[in-house]
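Observations on the three-dimensional arrangement
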Amino acid sequence: MDTKAMYKLGYGLYVLTSQHYGYHNGCIINTAIQVTTTPNRISITVNKSNLTHDMIINTGEFNLSVLTEDASFDLFKHFGFQSGSEANKLRGYPNAAMSANGLYYITESTNAYISAKVVHTFDLGTHTMFIADVTDAVILSDRPSVTYAYYQDHIKPRPAAPAPSPEAKTTKWVCRICGYIYEGEELPADFICPICKHGAIDFEKLE
Ligand code: FE
């Protein structure tokens, strides 16, 4: 089995925002789809280690901001590579506004936001799947939505090409999510990327 076949699935990229007791947070997800039109419902799947996950469990409400191709790597770093339990990502963040449900949405490098209210929750082990009624939806621009493949090819920094040196040949492993490079013959199975916190499964050998 070639699990890289999974990369051929099409994904968008989104900032998922929620709040709990007035503390607002957001994270990056790539798992949002419309599941039915009548009623208008979407599904999202969120890693349980995200603070935003717990906020949605508690409040049942979230906003989904649809990112566009001009989104910068800094935006992905801001919402994706740091935890809301360590940094307040939305306090003072200039490119966010509040929608009618009292949650933030992202105003730059987004072409729409969708507000939703959870109606079903499924425990998937590492993640929770939320099925939610769309309560509001607003178009913000005409720019094309960014896909995960576009992020991989055009937004994520390219790892510097290793200098050819015949003596010191170290094996390198690159994080597919953020481009971090690990050097070593074997990548430990429990390795966690120090930048984006994704696991060894998201690394590939740099040839
Ligand atoms: Fe990483």
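Since the structure is predicted, the reported quantities are computational estimates derived from the model, not experimental observations.

Here the focus is the pattern of salt bridges. Going through the model one piece at a time under the given rule, you end up with five salt bridges. With its nearest N and O atoms 2.7 Å apart, the salt bridge here joins R41 to D133. Of this pair, R41 sits in strand β4 (residues 41-47) while D133 is found in strand β9 (residues 127-139), placing the two residues 92 residues apart along the sequence. Given a relative accessible area of 23%, D133 falls into the partly exposed group. The partner of D123 in a salt bridge is K48, and the shortest N-O contact between them spans 2.8 Å. Taken together, the residues span a long stretch of sequence, with D123 in strand β8 (residues 110-123) and K48 in the loop between β4 and α1 (51-59) at a distance of 75 residues. Given the relative accessible area of 60%, D123 is considered exposed.

Glancing now at the domain arrangement of the protein. Split by domain assignment, the protein resolves into domain 1 (3-152) and domain 2 (157-207). Each of domain 1 and domain 2 was reduced to a C-alpha centroid, and the two centroids are 28 Å apart. Across the boundary between the two partners, domain 1 contributes eight residues, which contact nine residues of domain 2. Across the domain 1 to domain 2 interface the summed buried area is about 790 Å²; carbon plus sulfur atoms make up 49%. When residues of domain 1 are sorted by the area they lose upon contact with domain 2, Y7, F81 and Q152 head the list and together hold 61% of the total. For the interface between domain 1 and domain 2, the tally reads zero salt bridges. Our count for the contact surface shared by domain 1 and domain 2 stands at three residue pairs in polar contact (both at pLDDT 80 or more). For the side of domain 1 that touches domain 2, the elements supplying multiple residues, two or more each, are α2 (73-80) and α3 (148-155).

Right, let's talk about the coordination of the iron ion for a bit. Donor atoms from the polypeptide that coordinate the iron ion comprise C175 (SG), C178 (SG), C193 (SG) and C196 (SG), at 2.3 to 2.4 Å from the metal. Classification of the site at the iron ion as tetrahedral follows from its four donor atoms and the range of 100 to 120° in their angles at the metal. Taken in chain order, the donor set of the iron ion reads C-x2-C-x14-C-x2-C. Here C175 is found in strand β10 (residues 172-175), whereas its partner C193 is found in the loop between β11 (181-183) and β12 (203-206), with 18 residues between them in sequence. Accessibility classification places C175 together with C193 in one group, the buried group.

Taken across its seven residues, strand β1 (residues 14-20) has five buried, putting it largely inside the fold. Bridge count between β1 and strand β2 (residues 23-29): seven bridges; the pairing is antiparallel. Bridge pairing in β2 links L16 to C27. Linking β1 back to β2 in an antiparallel pair, the connection comprises two residues, with Y21 at a positive phi of about 50°. As judged from the four bridges shared by β1 and strand β5 (residues 61-67), these two strands associate in the antiparallel manner. Each residue of the ladder has a partner; that of T17, found in β5, is N63.

The next thing to look at is the sheet that holds β10. Backbone hydrogen bonds are what pair the strands of a sheet, in a parallel or an antiparallel way. With antiparallel pairing, the three strands of this open sheet are ordered in space as β11-β10-β12. Pairing within the sheet leaves two strands with one partner each, and these edge strands are β11 and β12. Between one strand axis and the next, the sheet turns through 30° on average, direction left out of account. As defined by bridge partners, β10 adjoins β11 across three bridges and the pair is classed as antiparallel. Counted as the bridge partner of K172 is E183 from β11.

Next up on the list: the sheet that holds β2. Sheet architecture is open: seven strands sit in the order β2-β1-β5-β8-β9-β4-β3, paired in antiparallel fashion. The open sheet has two free edges, formed respectively by β2 and β3 (32-36), since each of these has just one partner strand. Neighbour to neighbour, the strand axes of the sheet diverge by 35° on average, direction disregarded. The sheet strands contacting α1 are β1, β2, β4, β5, β8 and β9, and the helix crosses β1 at an angle near 55°. Along the sheet, α2 makes contact with β1, β2 and β5, crossing β2 at roughly 125°.

Conventions adopted
Residues numbered from 1 in each chain as written. Predicted model: local features only at pLDDT ≥ 70, side-chain atom pairs only at ≥ 80, totals over all residues. Heavy atoms only, no water. Salt bridge = Lys/Arg side-chain N within 4 Å of Asp/Glu carboxyl O. Helix = DSSP H or I, 4+ residues; strand = E, 2+ residues; numbered from the N terminus. Buried < 20%, exposed > 50% of the residue type's maximum accessible area, 1.4 Å probe, protein only. Domains from an automatic or database assignment. Contact = heavy atoms within 4.5 Å. Buried area = accessible area lost by both parts, 1.4 Å probe. Polar contact = N/O pair within 3.5 Å; in protein donor to acceptor, adjacent residues only side chain to side chain. Donors = N, O, S within 2.8 Å, 3.2 Å for Na, K, Ca; no water. Tetrahedral: all angles 85-135°; square planar, octahedral: opposite > 155°, others 65-115°. Pairing = 2+ DSSP bridges. Axes fitted to C-alpha atoms, helices over the stretch in contact; angles between N-to-C directions.

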